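Observations on the three-dimensional arrangement
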Number of protein chains: 2
Amino acid sequence: MSSVTIKQLAEQLQLSTATISKALGDSYEISESTKKRVLALAKELNYIPNAYAGSLRHNKSKTIGVLVPEVTDSFFSLALNGIEEVALEKGYHTLIYLTHEKLSREEAILKALVGGRVDGVIMSVTVETDSFGHIHEFNRHLPVVFFDRVCPEIDTAKITTDDFECGYKATQHLIEAGCHKIVLLSISNSLSIISERTKGFKKAIAEYNLNEDDCRIVNCTEDPQHNYELIKEMMQSDNRPDGILATVEKLTTEIYLACQHLNINIPGQVKVVCFSNQPSAIILTPSLTTITQPAFEMGKVAATTLLKLLKNNTLRLKDECTVIPSKLIIRNSTTGQVNDTII
Amino acid sequence: MSSVTIKQLAEQLQLSTATISKALGDSYEISESTKKRVLALAKELNYIPNAYAGSLRHNKSKTIGVLVPEVTDSFFSLALNGIEEVALEKGYHTLIYLTHEKLSREEAILKALVGGRVDGVIMSVTVETDSFGHIHEFNRHLPVVFFDRVCPEIDTAKITTDDFECGYKATQHLIEAGCHKIVLLSISNSLSIISERTKGFKKAIAEYNLNEDDCRIVNCTEDPQHNYELIKEMMQSDNRPDGILATVEKLTTEIYLACQHLNINIPGQVKVVCFSNQPSAIILTPSLTTITQPAFEMGKVAATTLLKLLKNNTLRLKDECTVIPSKLIIRNSTTGQVNDTII
């Protein structure tokens, strides 16, 4: 910690602490010659301003908080890069908080942040977030921008992608590739994005008159081993799907592994689409058909929205949803023949 | 922002602001009955403590800063989870800062953090960090723990893995699998980890008397497209390698893609080992032989080391290196036959 204080500078220069403070803050009230004397001594004694004291004075931390469930998912790591690019450009610090998909963490972090550590928050809620009191409470004091996983109940800016359309498009693609028994792998009943993707899935199933018992929703968890067993069991059942739509990236490994271990050919016996931003999608065998989200772009827009608000010094954001479309990228897991990639 | 202040609480209860402050801080100097009155009113008026003011008072932020180059690399995202697990348990906030591999970012972040925002820092330096003045300066004021990418010049705690041994082991494995022309793909000349891995590589090459012109080091960059072209060119050259050791995870995609596009069989024509913590390593075709680092564990040890120091209220950490070994996980990219996985 810095050992030189404003008080010491004041004593040595025989000035008041207020004068020192104003001189260091380049105030118009202080003469240039005094400023020079103060700065020279501050430099000589290696005085370091206390960031907290500065924040108290200006009532601004020039810092935004970002709450994401995890960074092991490519979507969130890319979105963070987008947020940081904008924040950096505008001279803001970014504090990244991981909720690890726990509602209790999300509540604790928001509660701690109300105190003044940040000027506003950009967040994507956890899979457990099925009540919103803590976000409402936070939003009474500081602005919130949602991205990806939003709370429809809270009136503020939301940056999303076209989850409903993508759920529909991905399912339609599987149907047109010949699938009749399509399973949607879900990870949550409450998350906005999953619920939208599921609605799109159901719409396609209904439109193409597929059997609703064959086309079902299977709930996965946060535990990879459990998901692997679940998928393996599903692939050994009498009602084995011929198409899988995975709503999150991390299920890819378990789907491929289960099929590999059961000698089930992708795409010959089951076609697979995942919501994923993983660069490795193109080097899997077969290469993976994905719904790829504009993660970096969504992060940029979220940060731009929040910083614009902070600049204008208003607390409330309009209840406005910005939708940036995702892309269906068709690869061999839904169309290709056996063995048409590496080898 | 909170509209109720300590002053208002004091006025309404006819107590001094110092008493209110101490009561809110659960000080032994204040009677239980007064504490109850203060807390009841604070709750009624929805008083929210100012985090910065609290920090000024205690001269502690109960916060640690973590500087990592990026989170799109599995190693760093897993290490962050390890750091957070320990910090959470000990009641500390974690502020994550991304340097995006830029020395200028690293300098700016450390400079900003000296002011009191954090009590100490855990960091892994950027690929550009070839001078250490800014870290020395920071370390004069606040403690630093390095993990993975360390600065040998700075006397403090360092948590690393056995990079030298792993460089050696991976190269030895390639040689014993029949490779004679092994290329090490590097991303930096200054990073401690890369330099250790390179030394291990060179030791194995010398021990097995391989030709040093055939076994060379190729420098990649931060640009995936450039790396892809570079690898493609290398694989089309007269002196085409029969073994590749990639020192960072993200080169995997470009290696597999270049080989795929050139119809070069892995492992038949070239064997591949990567330093990687990617879960997808097991579902690639062929599955990827990796040096897998104890990322989560390294994060945990780094956080434990820093928090122990903070608890003891000392500034200096002993110049001590904790080495947690990595694992060579042999898969089909160095041993298997064509087509022995999926299908």
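Computed from a predicted structure; not experimentally measured. (Residues numbered from 1 in each chain as written. Chains lettered and ligands numbered in written order. Predicted model: local features only at pLDDT ≥ 70, side-chain atom pairs only at ≥ 80, totals over all residues.)

1. Overview of the domain arrangement of chain A
Once the domains are mapped, chain A shows domain 1 (6-49), domain 2 (63-161 + 295-312) and domain 3 (163-292). A C-alpha centroid distance of 65 Å is found between domain 1 of chain A and domain 3 of chain A. (Domains from an automatic or database assignment.)

2. Remarks on the sheet that holds strand S6 (residues 182-186) of chain A
Residues and elements named next belong to chain A. Read across the sheet, 6 strands follow the order S7-S6-S8-S9-S10-S12 without closing on themselves; strand pairing throughout is mixed. Lying at the two open borders of the sheet, with one neighbouring strand each, are strand S7 (217-219) and strand S12 (327-329). Taking the axes of each pair of neighbouring strands and ignoring which way they run, one obtains an average angle of 20° across the sheet. Inspection of the sheet shows S6 paired to strand S8 (residues 243-246) by 4 bridges, in the parallel sense. Its bridge partner being in S8, Leu184 is matched across the sheet by Leu245. (Pairing = 2+ DSSP bridges. Helix = DSSP H or I, 4+ residues; strand = E, 2+ residues; numbered from the N terminus. Axes fitted to C-alpha atoms, helices over the stretch in contact; angles between N-to-C directions.)

3. Comments concerning helix H2 (residues 17-24) of chain A
Residues and elements named next belong to chain A. Among the residues of H2, Thr19, Ile20 and Ala23 are the ones counted as buried. End-on, the buried residues of H2 take up no more than an arc of 100°, which puts them together on one face. Where the residues of H2 are buried, they touch helix H1 (6-13) and helix H3 (32-44). (Buried ≥ 20, exposed ≤ 12 C-beta atoms within 10 Å, placed from the backbone. Arc of directions from axis to C-beta. Contact = placed C-beta atoms within 7 Å.)

4. Section: the environment of Tyr47 of chain A
The residue Tyr47 of chain A is located in the loop between H3 and helix H4 (51-58) in this model. On a C-alpha basis, the gap between Tyr47 of chain A and Leu9 of chain A in space is 8.6 Å, while along the polypeptide they are 38 residues apart.

5. Focus: the sheet that holds strand S8 (residues 243-246) of chain B
Residues and elements named next belong to chain B. If you trace the 6 strands from one edge of the open sheet to the other, you get S7-S6-S8-S9-S10-S12, paired in mixed fashion. A single partner strand is all that each edge strand has here, and the edge strands are strand S7 (217-219) and strand S12 (327-329). Strand-to-strand twist across the sheet, computed as the mean angle between neighbouring axes with direction ignored, equals 20°. When S8 meets strand S9 (residues 271-275), the two strands line up parallel, connected through 4 bridges. The residue bridging Leu245 from the neighbouring strand is Val273, located in S9. Across the sheet, helix H11 (residues 251-261) touches strand S6 (182-186), S8 and S9, and the angle it forms with S8 is around 160°.

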